[in-house]
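# Structural overview
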Amino acid sequence: MENNLKSAQQICAELNVAPHDGLTAATASRRLTEVGENKLVQGRRQSILARFFSQFKDVMILILLIAAAVSFYVALQGHDPMELFEPALILLIVILNAVMGTLQESKAEKALEALQRLAAPQARVRRDGQEHMLDAAKLVPGDIVLMEAGDYVPADGRLLVSANLKIEESALTGESLPAEKDAKAQVSEAAALGDRTNMAYAGCSVTYGRGEMVVTETGMATQMGQIAGMLNTQKQPQTPLQKKLAKLGRILGVAAVAICAVIFVIGFSSGMPALEIFMVSVSLAVSAIPEGLPAIVTIVLSMGVTRLAKRNAVVRKLPAVETLGSASVICSDKTGTLTQNRMTLVQAYSVLQDTLEPISTDNSAPIAQLLRLAALCCDATVTVENGKEVHLGDPTETCIVAAARKNGSQKQALTAAYPRVAEVPFDSERKLMSVVCQIGGKYIVIAKGGFDTLAARCDSGNLEKASGLVDEMGAQALRVLAVACKTLSVLPETADSASLETGLTLIGLVGMIDPPREEAKQAVSVCRQAGIRPVMITGDHVITASAIAKQLGILQKGDRAITGAELAALSEPQLREQVSQISVYARVSPQDKIRIVKAWQNRGAVVSMTGDGVNDAPALKASDIGCAMGITGTAVAKGASDLVLMDDNFATIVEAVREGRGIYENIRRTVVFLLGTNIGEVLVTLIAMIFWRKAPLLSMQLLWINLVTDSLPAIALGVEKIDSDIMNRKPKPREESLFAHGLGAQVIAQGAMFAGLTLFAFWLGGNHMGTLAAGRTMAFLVLGFSQIFHTFNMRAARSIFHIGVFTNRFLNGAAGLSLLLMCLVLFVPPVAAVFELVMLPGWLYLCGIGLALVPVAVLEAAKALGVIRSEHGAAK
């Protein structure tokens, strides 16, 4: 049986403790040994060194490392220092890639550290009949803890005493208001965490009143500890891009091995020396594998991170940038994410009027008077610091005081003009608060509370009309308070409920809500336009959640809103089948949120989860991309997230999605560009070996082309301007290939074109100059230059003359630098000698440049003829 279902006496008996004495020191010491300290246990973390070596797990990188190792061995056997250049170049590229990956992607989990900081460092405990201040880590089940306003709750416990006790639990439950606690309450078995009014939970804070509790769970057994456990065990899913690049790496690795096997067969059959065959195979491995691709993707993602940071979205985990662009479902917490996380008075009713009146800065005289009297019956204050309102006190009171302030009535001025001379504080039994103020020489009683409770104490005022309006306001998910008053002829000797809270006259109603963010409504609309399904998941009540969801456009006709209890009744297959029909989940637990996220993922959706509370952290981590709020978000939520929205603006997600989609398109262009050129290199080597039994390019020449002409321009493609219509497209399916929409055919066709041009150049140079080195020099020139020029083709599916040939200034610089480096190797004799290149006559250089420009002409013609579609830049 859950502890909230047991009586306080029953729990004390089970824990063998007397509330007025507490545990003995000996018993506490024994239990501490048995159950351990009241601390959260951290999962095992990767060291920086382990993270560095994890970068070498990629298949493409492993093949290159093997090739480099064998090349080193061969070079050392030959005792020629120049032969070390080639394997050193391979190692340099691989190590740079690993260092960048380690630096850019910090995977250290900070969530558990934040959870530990939430634990109270000190607790007031009763032991051996005496009160002590103890380190909260020393608490054990059975300890009697005393709490008052301002204290953190140090462990989970069953309340024994509650005097007007309110506890802020929003970080754990998602509830926007402090929870009223009652030690005597009887809670139903189906009660959600936020409805267990006889319990207090670790990490929450006392905002009002005082209480005593008997500790029932400590450390990892607490609700906070269970969340920590989920964070420890919940694995971060691979992003779609990671999966696709891993698959691509496996395919290229297998292809490289297969091609090397073919080369060995050809070489042995032709009587070529084993060492020469091996070096040709290394050349092919270099050709087949875009060794710079992991580094380029990392750099492109990093540049996206920089752009997102300027838009108030801070990325914690690098691949998450692209994943957000793939999102097809956004599961959002309500409180503080879609709403303002501040109770706001929105409507009021005065018995002197017939209708409800919206709260403004210039309300009618009866409403302004109602707000003044209601503000006098509040303990909260609202001040202005640095141009911003600062609310101090209970949110239900601060919104009343703020509304009065809007209408020109400052709380301090009201208190000074109409001093409070007596009061009966709020308590959970009466559910009322009453004050007596001196107004115009008279003693005026002002009472506020729930309508049903206060109406029973009123004998005048339009109660029937007010009752109908309460129902109307409730249907809008407003929390309604009634205000009543009466005049006293003399001040009673004892201010109590009997003397002050009878014979009252109802003067009006005030309705409040945590309102939706204005920008969130537009953001939801843009999400739907972009084919993204918004879903609200909250710990709040279903009526309130549904009302907010309808205002925002999340809950539409035919959609369902269900509670945590209804969700618990669904099996996993039932939830997976029905999840697409449900737009609102209310009164849910952290475990429920993970179920919802995984149900969508099992349907093939890429799920983003937004939230700000501790209760959101496990689902943030389980989702494909977790977005935490930067201002109101807890450190726990931020630690578990992939993306932090620094302005707490749901609309920032829309911009992040747009940026993510643009980054994916740019990465896609980069991959197509790199593979097209690499396939060209493979075909060049393979065909030349088959027909001429000669390698047209040495492995270090191929490495230089891949490093200089592939990498720099490819990086520049990553900052290409995002297409204007990108948010009008549907999200790409989770399993969609990088080469969908005909891009695979385009890659092969481009590779074949590069191979044909390079082989012709190889033949032309060798035939006219009579040397293998001349043929390789021509092949090196044509292949390198054509790839540089081809990057301009890859910028868009439209003509480069339509978008502007030189409008990407980063590409202009990269192409210029690549051309300069190519010229350095081609025309500076000492450098050319290292790469085994020779000088050629001028007319051959001109022929080479002409051949290098052929891909530009061919691609422009294909675009003009519609062979390449403008929507995705794919081949027909």
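Model, not experiment: these values are computed from the prediction.

Membership of the largest hydrophobic core comes to 89 residues, with the highest contact counts inside it found for Phe-451, Leu-454, Leu-509, Met-536, Leu-643, Phe-650 and Val-671. By residue number, the principal contributor to this core is helix 26 (residues 650–692), which donates 13 residues. Ignoring any residue separated from it by four or fewer positions in sequence, one finds Met-536 in contact with Ser-332, Lys-334, Leu-338, Ala-545, Ile-548, Ala-549, Leu-552, Ile-554, Ser-583, Val-584 and Tyr-585. Within the second largest apolar cluster, 50 residues are counted, among which are Leu-134, Val-588, Ala-605 and Leu-620.

Once that is clear, we can look at the pattern of salt bridges. Counted according to the given criterion, the structure contains 29 salt bridges. For Asp-143, the salt bridge goes to Arg-127, with nearest N and O atoms at 2.7 Å. Placement of Asp-143 in the loop between strand 2 (130–135) and strand 3 (144–148) and of Arg-127 in strand 1 (residues 122–127) is noted, with a sequence separation of 16 residues between them. When its relative accessible area of 0% is taken as the criterion, Asp-143 is described as buried. For Arg-127, a relative accessible area of 12% translates into the label buried. Each of Arg-307, Arg-311, Glu-655, Arg-658 and Glu-659 takes part in a single network of salt bridges with overlapping partners.

With that settled, the discussion passes to the environment of Phe-650. Structurally, Phe-650 can be placed in helix 26. Phe-650 gets classed as buried once you look at its relative accessible area, which sits at 2%. Sequence separation between Phe-650 and Glu-519 is 131 residues, and the spatial gap between their C-alpha atoms is 7.2 Å. Leaving out residues up to four positions away in the same chain, Phe-650 has contacts with Ile-330, Ser-332, Thr-337, Leu-338, Ala-520, Ala-523 and Val-524.

A contiguous nonpolar patch, built from Ile-690, Phe-691, Trp-692, Phe-760 and Trp-763 and spanning about 540 Å² of accessible area, is present on the exposed surface. Elements that contribute at least two residues to the nonpolar patch include exactly helix 26 and helix 28 (743–769). Among the elements that line the nonpolar patch, the one with the most residues is helix 26, at 3 residues. Within the secondary structure, Phe-691 sits in helix 26. Residue classification places Phe-691 among the exposed positions, given a relative accessible area of 63%.

This next bit is on empty space enclosed by the protein. Here the structure, examined in full by the defined rule, presents 3 cavities of 30 Å³ or more. There is about 50 Å³ of room inside the second largest cavity. Lining the second largest cavity are Leu-172, Thr-173, Ala-192, Leu-193, Gly-194, Gly-539, Arg-587, Val-588, Ser-589 and Pro-590. When its residues are assigned to classes, the lining of the second largest cavity shows 5 nonpolar, 4 polar and 1 charged.

A few words now on the packing of helix 28 against helix 33 (residues 842–852). Helix 33 packs onto helix 28 with a crossing angle of 170° between their chain directions and a minimal axis gap of 10 Å. Between helix 28 and helix 33, the crossing angle belongs to the class labelled roughly antiparallel. Residue-level contacts link Leu-757, Phe-760, Ala-761, Leu-764, His-768 and Met-769 of helix 28 to Trp-843, Leu-844, Cys-847 and Leu-851 of helix 33. Classifying every residue of the contact of helix 28 with helix 33 by side-chain character gives 9 nonpolar, 1 polar and no charged.

When we look at burial in helix 33, the residues that qualify are Leu-844, Tyr-845, Gly-848, Leu-851 and Ala-852. Across the axial projection of helix 33, the buried residues extend over an arc of 125°, all falling on one side. Check the buried side of helix 33 and you find it contacts helix 28, helix 29 (772–793), helix 31 (809–827) and helix 34 (854–864).

With 5 bridges joining them, strand 3 and strand 7 (residues 205–217) adopt antiparallel strand pairing. Each bridged residue has a counterpart across the sheet, and for Glu-148 the counterpart in strand 7 is Arg-210. Of the pairings in the sheet, the one linking strand 4 (residues 156–168) to strand 7 comprises 10 bridges and is antiparallel in character. What sits directly across from Ile-167, in strand 7, is Val-206.

Conventions we followed
Residues numbered from 1 in each chain as written. Predicted model: local features only at pLDDT ≥ 70, side-chain atom pairs only at ≥ 80, totals over all residues. Heavy atoms only, no water. Core = buried A, V, L, I, M, F, W, Y, C linked by side-chain atoms within 4.5 Å. Buried < 20%, exposed > 50% of the residue type's maximum accessible area, 1.4 Å probe, protein only. Helix = DSSP H or I, 4+ residues; strand = E, 2+ residues; numbered from the N terminus. Contact = heavy atoms within 4.5 Å. Salt bridge = Lys/Arg side-chain N within 4 Å of Asp/Glu carboxyl O. Patch = residues over 30% accessible without salt bridge, like charges linked within 9 Å, V, L, I, M, F, W, Y side chains within 5 Å. Areas by Shrake-Rupley, 256 points an atom, 1.4 Å probe, with all protein chains shown as cover. 1 Å grid on protein atoms, 1.4 Å probe; cavity = no way out; pocket = protein on both sides within 12 Å on 5 of 7 lines; lining within 4 Å. Points joined across faces, edges and corners; volume = space filled by probe spheres on them. Nonpolar A, V, L, I, M, F, W, Y, C, P; charged D, E, K, R; others polar. Axes fitted to C-alpha atoms, helices over the stretch in contact; angles between N-to-C directions. Parallel < 35°, antiparallel > 145°, perpendicular 65-115°, else oblique. Arc of directions from axis to C-beta. Pairing = 2+ DSSP bridges.

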